[in-house]
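# Tertiary structure, described
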Number of protein chains: 2
Amino acid sequence: MTDEQPRTGLQRTSEAAFERLEAVTTAADADAFVHVGDRFDDDLWYLTRFAGPDRDYAFVFVDGRAFLCAPRLFAEQADREFPGEVVAASDATSSTAADRALDVLAERRPPSEVRVLVPPSIPASAARTIEDAVDDVRFEDVDLGRARKSVAERERHAVVQTAAQQGLARAEAVLASATVEGDELRWRGEALTTERLRREVNATLASEGVRDAGNTVIGAGSSCADLHFTGRDRIAPDETVLLDLSPRGSQGYYADLTRTFVVGDVDDWTSRAYEAVATAQDAALDALRDGAGVRASRVHEAAVETLASYGFEAGDVAVGMSHGTGHGVGVSLHEPPSLSSDRVLEDGAVVTVEPGVYDPERGGVRLEDLVVVTADGYENLTAYPREIHPVDGRTR
Amino acid sequence: MTDEQPRTGLQRTSEAAFERLEAVTTAADADAFVHVGDRFDDDLWYLTRFAGPDRDYAFVFVDGRAFLCAPRLFAEQADREFPGEVVAASDATSSTAADRALDVLAERRPPSEVRVLVPPSIPASAARTIEDAVDDVRFEDVDLGRARKSVAERERHAVVQTAAQQGLARAEAVLASATVEGDELRWRGEALTTERLRREVNATLASEGVRDAGNTVIGAGSSCADLHFTGRDRIAPDETVLLDLSPRGSQGYYADLTRTFVVGDVDDWTSRAYEAVATAQDAALDALRDGAGVRASRVHEAAVETLASYGFEAGDVAVGMSHGTGHGVGVSLHEPPSLSSDRVLEDGAVVTVEPGVYDPERGGVRLEDLVVVTADGYENLTAYPREIHPVDGRTR
């Protein structure tokens, strides 16, 4: 398997975003849209597909044309990756990315006469530069259409989710071959820690061509209740081991996959929690059975109601489900639509379905799949068993 | 080897930054410093050590105290990681990180009466929120002292650089065991591509507990001249293979390491380029022999002069050295001091020394070490041979 993809599909997705920008600017009676950011800005990545270095870039949409202002050293790469027109400026100049964006505007009409839409997330310094030159700047979040994934984007998510499954399979193999010695698990002659397990997972992800992105959360026992645990706990028998993998593919799309295991005996609380969470996940998925048009919060409520029937609370609680049932995933790991929101889910929404229950004294159980909502149902991008005892030999 | 480190050393580094903030705010007759950003903001990482999720956070320094405004779901993690005081706010509120920062200020004195320093890099929306509430906001880059690495930080760089060397050793092993069939290299029965080599490197980095961070640049032949090549070229015999690894450790510090290899015959141009670059690197390092106090540009000039003696130009050129000789490295991959700048290098500056020459028609050679400038010399954090023919069995 590779993370390879004809780039034209994703470039077409960006071109569709340009079309939205055309409609949005026209509706707002604006002449241009300007965005400034760096390689960590996901909107800018979505618009440009430019995986350049850690510098500021600018994106300009004006007169129906899309421009990327990039450093000259990386102009060839920008030409290759960006489906619009590249304006390269020498690194030797002291001009900022915002200055270069203004140059692009100025070549077309006097900046004092244009009305420009700008995302409020751009750096304050870039905003100041634009405001100083342009009379009419409107700071406004613009919907680029990221919540409706194109076919090319769905394929990216599927490929990266498959890689995540390989990472999880590696973790299961390690857990299954660990031995119990007293109150600890040992593997290859040493205590098995969450960090050792993380390295095994991350090496597998890298072999599959995806990045762990610092998101390989592994909890053991009480640290399962810590939603973003990336520490180094020793793993004990008979306790929950929670793995939440969110690698990022080379094209920027994330996977999201969680399973929970126990090596050894499963106590009553954990057994009930696992059954509650699995049933809640089924109920949440069932709420998606008619596809686009369902209100996002319906999915969350389905999970919450199921957990309640097992005696687990949800909300701002220490014991129970302390988070929502899911969130949108794309070129950001967390993006709209949240399943706690009132939004109506659209065809092409890629969301997690991840109920969980936690007790800081005992541990935690979470099960997470990644699904794409379709016109008349949903497609689960995840094909991974839900079994509490780890097994060696899961393969794709 | 592990990437483990008693956190107190780095937390003390952050506390030293708080002391600088005390001095800077006092000198500016300001009452507070406010920063807003997310996990990708390196200043915020440096100040907080908080590896939270992809949300906006705020950092407030006021009355000699440092506050982190973090989402309640991650408050325990913030308490563990941040060496100041954590103010947790429920995710259910609609308040932004900037609002929370204002709350922290308001508990101490009326916002209309404070003078606040704010980095110009914060999001424009956060800047607007602060400006609406605070009469006297000054947007100003504040020197947090990042260019002078503490002992704990130098240790982090050394550990991550050692992991990078393991990644490079893996690449050499693969190249050394590849076989020549006609005009292509083959490895394990398939054509060897830059992408296959990248996966081997990245899996090794992950096993060492560091992230490739999307920075594993591998060029082959003409793509060596492409400074940020992350594509999938087939690797041919007798052409340059350039590997530039910049992984990031779990504590946020980067390594930076480049070597260039040829499998097969080395042509005259490549042989001359390799010798020129190696000699230029020696000359640049020699310019650092007296340690802190040297002007950064002296190091670059030493490399440029040496390359010129081999007939290679530098500057805005297509053939020759098209980039500077080095840059600062820390919790950002590229940060001050640039070796092209007029800055005087300080004790504790961690910089790359990486001359290179390229010819888009032929290939490219770059050799890069990571060094720390000390009071009376420099310490090379790199211990990796410079040999053009790959060897299997490099070990740390």
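For chain A, an unreviewed UniProt entry supplies the name Xaa-Pro aminopeptidase and the organism Natronococcus occultus SP4.

## Things to note about the overall build of chain A
Looking only at helices and strands, chain A has nine helices and 17 strands in total. Compactness check: chain A gives a C-alpha radius of gyration of 23 Å against a globular reference of 21 Å for 396 residues, within 12% of the reference. By principal-axis analysis of the C-alpha atoms, chain A measures approximately 75 × 45 × 35 Å. The buried share of chain A, taken over its 396 residues, is 60%. The long-range fraction of contacts in chain A, counting pairs at least 24 apart against all pairs at least 6 apart in sequence, stands at 65%. With an accessible surface of roughly 14400 Å², chain A has 44% of that area assigned to carbon and sulfur atoms. When the 41 basic and 71 acidic side-chain charges of chain A are each reduced to a single mean position, those positions are 3 Å apart.

## Section: the packing of helix α7 (residues 194-207) of chain A against helix α7 (residues 194-207) of chain B
α7(B) packs onto α7(A) with a crossing angle of 170 degrees between their chain directions and a minimal axis gap of 7 Å. Taken as axis vectors, α7(A) and α7(B) run roughly antiparallel relative to one another. Residues A:Arg199, A:Asn202, A:Ala203, A:Ala206 and A:Ser207 of α7(A) pack against B:Arg199, B:Asn202, B:Ala203, B:Ala206 and B:Ser207 of α7(B). A breakdown of the residues in the contact of α7(A) with α7(B) according to their chemical character gives four nonpolar, four polar and two charged.

## Comments concerning the pairing of strand β6 (residues 136-139) of chain A
Residue and element names in this part refer to chain A. Where strand β5 (residues 115-118) meets β6, four bridges bridge the pair, whose relative direction is parallel. The residue bridging Val116 from the neighbouring strand is Val137, located in β6. Handedness of the crossover joining β5 and β6 through helix α5 (residues 124-133): right-handed.

## Section: the interface of chain B and chain A
Counting from both sides, the interface comprises 49 residues of chain B and, opposite them, 49 residues of chain A. A per-residue breakdown of the area chain B buries against chain A is headed by B:Arg199, B:His228 and B:Arg232, which together make up 16% of the total. In this assembly, chain B and chain A are joined by six salt bridges. For the salt bridge of B:Arg80 with A:Asp226, the shortest nitrogen-to-oxygen distance reads 2.6 Å. The tally of links from chain B across to chain A stands at 18 residue pairs in polar contact (both at pLDDT 80 or more). Among the elements of the structure, α3 (75-81), α5 (124-133) and α7 of chain B are those that each provide at least two residues to the side of chain B that touches chain A. With six residues, α7(B) is the single largest residue contributor to the side of chain B that touches chain A. Looking at the side of chain B that touches chain A residue by residue, the class counts come to 18 nonpolar, 15 polar and 16 charged.

## Let's talk about the packing of aromatic side chains
Residues and elements named next belong to chain B. All told, the structure shown has 15 aromatic pairs over all chains when counted by the stated rule. Relative to Phe59, the ring of Phe33 has its centre 6.1 Å away and its plane inclined at 65 degrees; by these criteria the two rings are edge-to-face. Of this pair, Phe33 sits in strand β1 (residues 32-37) while Phe59 sits in strand β2 (residues 57-62); the two residues are 26 residues apart in sequence, bridging distant segments of the chain. For Phe33, a relative accessible area of 2% gives the class buried. Overall, Phe59 belongs to the buried group, its relative accessible area being 0%. Directly above the aromatic system of Tyr46 lies the positively charged group of Arg146, at a separation of 6.0 Å from the ring centroid.

## Observations regarding the pairing of strand β16 (residues 369-374) of chain A
Residue and element names in this part refer to chain A. Of all six residues that make up β16, six are buried, and the element is covered over most of its length. Examined bridge by bridge, strand β13 (residues 350-353) and β16 share four bridges and lie antiparallel to one another. Considered in β16, the bridge of Val351 is made with Val371. As defined by bridge partners, β16 adjoins strand β17 (residues 377-380) across four bridges and the pair is classed as antiparallel. Bridge assignment links Thr374 to a residue of β17, and that residue is Gly377. Taking the residues between adjacent antiparallel strands as the criterion, β16 and β17 are bridged by two residues.

## What to know about the pattern of salt bridges
Under the defined criterion, the tally for this structure stands at 64 salt bridges over all chains. Across the salt bridge formed by B:Arg386 and B:Asp282, the nearest N and O atoms sit 3.0 Å from each other. In this pair, B:Arg386 is assigned in the segment after β17 (377-380) and B:Asp282 in helix α8 (residues 268-286), connecting sequence segments 104 residues apart. Since its relative accessible area comes to 31%, B:Arg386 is described here as partly exposed. Put simply, A:Asp43, A:Arg146, A:Lys149 and A:Glu335 are held in one network by salt bridges that share partners.

## With respect to the relation of the copies chain B and chain A
Once turned by 180 degrees and shifted 0.0 Å along the axis, chain B lies on chain A with an RMSD of 0.0 Å. Here the symmetry operator amounts to a two-fold rotation axis.

## Concerning the sheet that holds strand β10 (residues 217-220) of chain A
Residue and element names in this part refer to chain A. If you trace the three strands from one edge of the open sheet to the other, you get β10-β11-β12, paired in antiparallel fashion. If you trace the sheet from one side to the other, it starts and ends with β10 and β12 (257-262), each paired once. Averaged over all adjacent pairs, the angle separating strand axes in this sheet is 10 degrees, with direction ignored. Two strands pair when backbone bridges link them, and β10 and strand β11 (residues 240-245) are joined in this way by four bridges, in the antiparallel orientation. In the sheet register, Ala220 faces β11, and the bridge partner there is Val241. Against the sheet, helix α6 (residues 151-177) contacts β11 and β12, and its axis sits at roughly 10 degrees relative to β12.

## Section: the packing of α5(A) against α5(B)
Two elements in contact, α5(A) and α5(B), have axes separated by 7 Å at closest approach and are oriented at 80 degrees. As far as their axial angle goes, α5(B) and α5(A) are roughly perpendicular. Here A:Ala124, A:Ala127, A:Arg128 and A:Glu131 of α5(A) come into contact with α5(B), specifically with B:Ala124, B:Ala127, B:Arg128 and B:Glu131. A breakdown of the residues in the contact of α5(A) with α5(B) according to their chemical character gives four nonpolar, no polar and four charged.

## Points about the domain arrangement of chain A
Residue and element names in this part refer to chain A. On domain assignment, one finds that chain A holds domain 1 (7-139) and domain 2 (151-380). Each of domain 1 and domain 2 has a C-alpha centre, and the two are 36 Å apart. Taken residue by residue, the interface counts eight residues in domain 1 and ten residues in domain 2. Summing both partners gives a buried area of about 750 Å² for domain 1 against domain 2, and 54% of it is carried by carbon and sulfur. Counting the contacts that link domain 1 with domain 2 gives one salt bridge. Asp42 is the salt-bridge partner of Arg248, the closest N and O atoms lying 3.2 Å from each other. Applying the counting criterion to the domain 1 and domain 2 interface returns four residue pairs in polar contact (both at pLDDT 80 or more). Looking at the side of domain 1 that touches domain 2, the elements that each hand over two or more residues are α1 (7-27) and α2 (42-48). Per element, the largest residue contribution to the side of domain 1 that touches domain 2 is four residues, and it comes from α1. Tallied by class, the residues present in the side of domain 1 that touches domain 2 amount to three nonpolar, two polar and three charged.

Thresholds applied
- Residues numbered from 1 in each chain as written.
- Chains lettered and ligands numbered in written order.
- Predicted model: local features only at pLDDT ≥ 70, side-chain atom pairs only at ≥ 80, totals over all residues.
- Heavy atoms only, no water.
- Helix = DSSP H or I, 4+ residues; strand = E, 2+ residues; numbered from the N terminus.
- Rg over C-alpha atoms; globule rule 2.2 N^0.38 Å.
- Buried < 20%, exposed > 50% of the residue type's maximum accessible area, 1.4 Å probe, protein only.
- Contact = heavy atoms within 4.5 Å.
- Areas by Shrake-Rupley, 256 points an atom, 1.4 Å probe, with all protein chains shown as cover.
- Lys, Arg positive; Asp, Glu negative; His and termini not counted.
- Charge placed at Lys NZ, Arg CZ, Asp CG, Glu CD.
- Axes fitted to C-alpha atoms, helices over the stretch in contact; angles between N-to-C directions.
- Parallel < 35°, antiparallel > 145°, perpendicular 65-115°, else oblique.
- Nonpolar A, V, L, I, M, F, W, Y, C, P; charged D, E, K, R; others polar.
- Pairing = 2+ DSSP bridges.
- Right-handed = clockwise from strand over helix to strand, strands pointing away.
- Buried area = accessible area lost by both parts, 1.4 Å probe.
- Salt bridge = Lys/Arg side-chain N within 4 Å of Asp/Glu carboxyl O.
- Polar contact = N/O pair within 3.5 Å; in protein donor to acceptor, adjacent residues only side chain to side chain.
- Phe/Tyr/Trp six-rings, centres within 6.5 Å; stacked < 30°, edge-to-face > 60°.
- Lys NZ or Arg CZ within 6 Å of the ring centre and 35° of its normal.
- Least-squares fit on C-alpha atoms with pLDDT ≥ 70 in both.
- Domains from an automatic or database assignment.

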